Amino acid sequence: MNTTIAFIGGGNMAASLIGGLISSSAPAANIMVAEPDQEQRSRLQQEFAVHTTADNSDTLNADVVILAVKPQLLQIVCRALSETLNQSGRQPLFISIAAGVRSDDIDRWLGGNRVIVRAMPNTPSLLASGATGLYANPRVNAAQQTVAETILQAVGITLWVNEEDELDAVTAVSGSGPAYFFLLMEAMQQAGVKLGLTPETAEKLVIQTALGAAQMADHSEMDAATLRAQVTSKGGTTEQAINHFQQAGFEPLVESAMQAAYDRSRTLANELGKDQS
Ligand SMILES: NC(=O)c1ccc[n+]([C@@H]2O[C@H](COP(=O)([O-])OP(=O)(O)OC[C@H]3O[C@@H](n4cnc5c(N)ncnc54)[C@H](OP(=O)(O)O)[C@@H]3O)[C@@H](O)[C@H]2O)c1
């Protein structure tokens, strides 16, 4: 990719994206990072040989500017860029990976009429196994959509949504999702220990079972319900456990938990989008 890419914020997610981009053969010379911390800048320079700067406005010459600061800082960072942007007349593609901040709010803070893709990645992106929901505002063209998805594909899979509100559902599914699996793994490990296994054995069995189940779901043509039915023989042990889960209201519990995550995502977006005086 010959596109020049600049990151504002050189933390964990930026480092993962840069690592992914470079291993998918993006030239380091085309990547810049604006980051206030000198040590972090040196680390990024040494590890990836990218350009670094302490001045966020240096990023505005790039084709793509990735907003990778904490959500609470996004407003102040964007507002500080808007004047330089207006003066330069440049229209870079902005990609925000900040959780929960709506594109209209980012657009307003950047001075208006900006080209913005909002991305909702999840933590496994740090290991290049992420799942990212993407939303393009109406000013993003098809070529820019391709650039945005190519960048985020450096850390996992990407899926576009048509309405920005759907990113709240993405947050409830894949954004918060890794923690649901960790919770189930934690509970299975504890139950395994109560059944007499050592904590180490229980942990290893649970991790490998989670990996194996995910790989089966990924590689199989069958959906999760069919895969489950196939391993649930009549009168067997799995059936006993599944009946137990379902009689205790497993599906409605998952639904209400995810509704709670969705509602919280909307509330946070409203709070983060308020203009600070
Ligand atoms: N980590 C994930 O799995 C994940 C998943 C989904 C979404 N995200 C989103 O990705 C974004 C970054 O997350 P992260 O985990 O990479 O956080 P992080 O490691 O804290 O990175 C943020 C970086 O921004 C720097 N920074 C602070 N103020 C700045 C400023 N004014 N201008 C430029 N850079 C500044 C910070 O430097 P200092 O450390 O010196 O303050 C830090 O290096 C967040 O908005 C988060 O919501 C992350």
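The numbering scheme is per chain: residues are counted from 1 as the chain's sequence reads. Restriction of local features to residues with pLDDT of at least 70 applies here, the model being predicted, together with a cutoff of 80 or more for giving and counting side-chain atom pairs; totals for whole chains, interfaces and linings are based on all residues. Side-chain figures throughout are based on the complete set of non-hydrogen atoms in the structure, without hydrogens or water.

Let us look at the overall build of the protein chain. Secondary structure summary: the protein chain contains 11 helices and eight strands in total. Principal axes of the C-alpha set define a box for the protein chain whose edges measure 70 × 40 × 35 Å. Neither His nor the chain termini are counted; the positive set is Lys and Arg, and the negative set is Asp and Glu. Each charge is placed at NZ for Lys, CZ for Arg, CG for Asp and CD for Glu. Between the averaged position of the 17 positive side-chain charges in the protein chain and that of its 29 negative side-chain charges there is a distance of 4 Å. Strands here mean DSSP runs of E at least two residues long; helices mean DSSP runs of H or I at least four residues long; both are numbered from the N terminus.

This part is about the pairing of strand S8 (residues 156–160). Only strands that DSSP links by at least two bridges are regarded as paired with each other. As judged from the five bridges shared by strand S7 (residues 130–136) and S8, these two strands associate in the parallel manner. Counted as the bridge partner of Gly133 is Leu159 from S8.

Moving on to the pattern of salt bridges. Oppositely charged side chains may form a pair once their charged atoms are brought near each other. Think of a salt bridge as a Lys or Arg side-chain nitrogen and an Asp or Glu carboxyl oxygen that are within 4 Å of each other. On inspection of all chains with the given rule, the structure shows nine salt bridges. Residue Asp275 is joined to Arg79 by a salt bridge in which the shortest nitrogen-to-oxygen separation is 3.3 Å. Pair noted here: Asp275 is in the segment after helix H11 (250–272) and Arg79 is in helix H3 (residues 71–88), with a separation of 196 residues, a long-range link. Only protein chains enter the calculation, and the probe is 1.4 Å; a residue is then buried if its accessible area is under 20% of its type maximum, exposed if over 50%, and partly exposed in between. Residue classification places Asp275 among the partly exposed residues on the basis of a relative accessible area of 44%. Among the residues examined, Arg79 registers a relative accessible area of 37% and is labelled partly exposed. Across the pair Glu239 and Lys234 runs a salt bridge, and its minimum N-O distance is 3.7 Å. Residue class for Lys234 comes out exposed when judged on its relative accessible area of 78%.

Marked domain ranges trace back to an automatic or database domain assignment. Along its sequence, the protein chain is carved into domain 1 (5–169) and domain 2 (177–267). Taking the mean C-alpha position of each, domain 1 and domain 2 sit 34 Å from one another. Contacts are residue-level and defined by heavy atoms, with any inter-residue pair within 4.5 Å sufficient. Residue-level contacts link seven residues of domain 1 with four residues of domain 2. Roughly 480 Å² of surface becomes buried between domain 1 and domain 2 when both sides are summed, with 47% attributable to carbon and sulfur atoms. It is Arg102, Asp165 and Asp168 that lose the most area in domain 1 upon contact with domain 2, and together they represent 66% of the buried surface on that side. At the junction of domain 1 with domain 2, the criterion picks out two salt bridges. The partner of Asp165 in a salt bridge is Arg266, with the nearest N and O atoms 3.9 Å apart. We define a polar contact as two N or O atoms separated by no more than 3.5 Å, with the added condition that, inside protein, one atom must be a possible hydrogen donor and the other a possible acceptor, whereas residues neighbouring each other in sequence contribute only through side-chain atom pairs. Summed over the shared surface of domain 1 and domain 2, the number is one residue pair in polar contact (both at pLDDT 80 or more). The residue inventory of the side of domain 1 that touches domain 2, partitioned by class, reads two nonpolar, two polar and three charged. Note on terms: buried area is the combined drop in 1.4 Å-probe accessible area of two parts once they are placed together, counting the loss on both. Residue polarity is assigned by list, with Asp, Glu, Lys and Arg as charged and Ala, Val, Leu, Ile, Met, Phe, Trp, Tyr, Cys and Pro as nonpolar; anything else, Gly included, falls into the polar class.

This part is about the side chain of Arg118. By the element assignment, Arg118 lies in strand S6 (residues 115–120). At 3.1 Å, the side chain of Arg118 and the backbone oxygen of Val101 are in polar contact. At 2.8 Å, the side chain of Arg118 and the side chain of Glu164 are in polar contact.

Two numbers describe how helix H6 (residues 166–175) lies on H11: the axes approach to 8 Å, and their chain directions differ by 135°. The angle between H6 and H11 falls in the class oblique. Crossing handedness for the pair H6 and H11: right-handed. Facing H6, whose interface residues are Asp168, Ala169, Thr171, Ala172 and Val173, H11 presents Met258, Ala261, Tyr262, Ser265 and Arg266. For the contact of H6 with H11, the residue count by class is six nonpolar, two polar and two charged. Helix axes are fitted only over the stretch in contact, all axes being lines through C-alpha atoms; the angle between N-to-C directions runs from 0 to 180 degrees. Here roughly perpendicular refers to angles of 65 to 115 degrees, roughly parallel to angles under 35, roughly antiparallel to angles over 145, and oblique to all remaining angles. Take the far helix as the reference: if the near one is turned anticlockwise from it by less than a right angle, the crossing is left-handed, and if turned clockwise, right-handed.

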